[in-house]
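Here are the chains, one letter per residue:
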Amino acid sequence: MANMNMSFDRETLRELADEGNETALDRLADMADAAGDLGELSELLDEGCMHAGFLLTRRAAAARDLRELQWISDAGYDEAGNELDRLLKGNGESGSDRPL
């Protein structure tokens, strides 16, 4: 029973999430992230799962995917907008403060 957390199946988690269980929704996001299923993560974000937004933002920021960060922000995960701004400001400042 030590690995009980790993034995939850997707269907059970989906049923719990549909009943409003946010922890089950977060767990579905973790499963989708582990599987690399960006489509499911996007769907979960559309359902209001902020953990999915976090996971998508982490991936998009690592890939420096500005369009994806904008989409995630528009979908309701504000931290993606903050990350987008950080990347844009970092890109705009690189090399501009070097003495000539």
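Higher on the page you've got the structure.
Predicted model only: the values in this text are computed from it and were never measured.

A. Representation of helix 2 (residues 22–35) within the structure. Between its first and last C-alpha, helix 2 extends 20 Å over 14 residues, near the 20 Å set by a 1.5 Å rise per residue. For helix 2, every residue scored as buried is listed here: Ala24, Leu25, Leu28, Ala29, Ala32 and Asp33. Buried residues belonging to helix 2 abut helix 1 (10–18), helix 3 (38–46) and helix 4 (50–63). Two or three places before Thr23, at the start of helix 2, stands the capping residue Asn21, its side-chain oxygen 3.0 Å from that residue's backbone nitrogen. Two residues or fewer after helix 2 comes Gly36, characterised by a positive phi angle close to 70°.

B. Looking closely at the nonpolar core. Ala29, Leu41, Leu44, Ala52 and Ile72 are the most contacted members of the largest nonpolar core, which has 21 residues in total. For this core, the secondary structure elements donating two or more residues are helix 1, helix 2, helix 3, helix 4, helix 5 (66–74) and helix 6 (78–93). In terms of residue count, the dominant contributor to this core is helix 2 (five residues).

C. The packing of helix 2 against helix 3, seen in detail. Between helix 2 and helix 3, the shortest axis-to-axis distance is 8 Å and the interhelical angle comes to 160°. As the angle between them shows, helix 2 and helix 3 are arranged roughly antiparallel. The crossing of helix 2 and helix 3 is left-handed. Listed contacts from helix 3 to Leu25, Leu28, Ala29, Ala32 and Asp33 of helix 2 are Glu40, Leu41 and Leu44. Of the residues in the contact of helix 2 with helix 3, the class split is six nonpolar, no polar and two charged.

D. Seen up close, unusual backbone geometry. Of note in the backbone geometry, Arg64 takes a positive phi value of approximately 55° without being a glycine. Tracing the sequence through the fold places Arg64 in the loop between helix 4 and helix 5. Residue Arg64 is classed as partly exposed on the basis of its relative accessible area, which comes to 46%.

The rules behind the values
Residues numbered from 1 in each chain as written. Predicted model: local features only at pLDDT ≥ 70, side-chain atom pairs only at ≥ 80, totals over all residues. Heavy atoms only, no water. Helix = DSSP H or I, 4+ residues; strand = E, 2+ residues; numbered from the N terminus. Expected span 1.5 Å × (residues − 1). Buried < 20%, exposed > 50% of the residue type's maximum accessible area, 1.4 Å probe, protein only. Contact = heavy atoms within 4.5 Å. Polar contact = N/O pair within 3.5 Å; in protein donor to acceptor, adjacent residues only side chain to side chain. Core = buried A, V, L, I, M, F, W, Y, C linked by side-chain atoms within 4.5 Å. Axes fitted to C-alpha atoms, helices over the stretch in contact; angles between N-to-C directions. Parallel < 35°, antiparallel > 145°, perpendicular 65-115°, else oblique. Left-handed = near helix turned anticlockwise from the far one by under 90°. Nonpolar A, V, L, I, M, F, W, Y, C, P; charged D, E, K, R; others polar.

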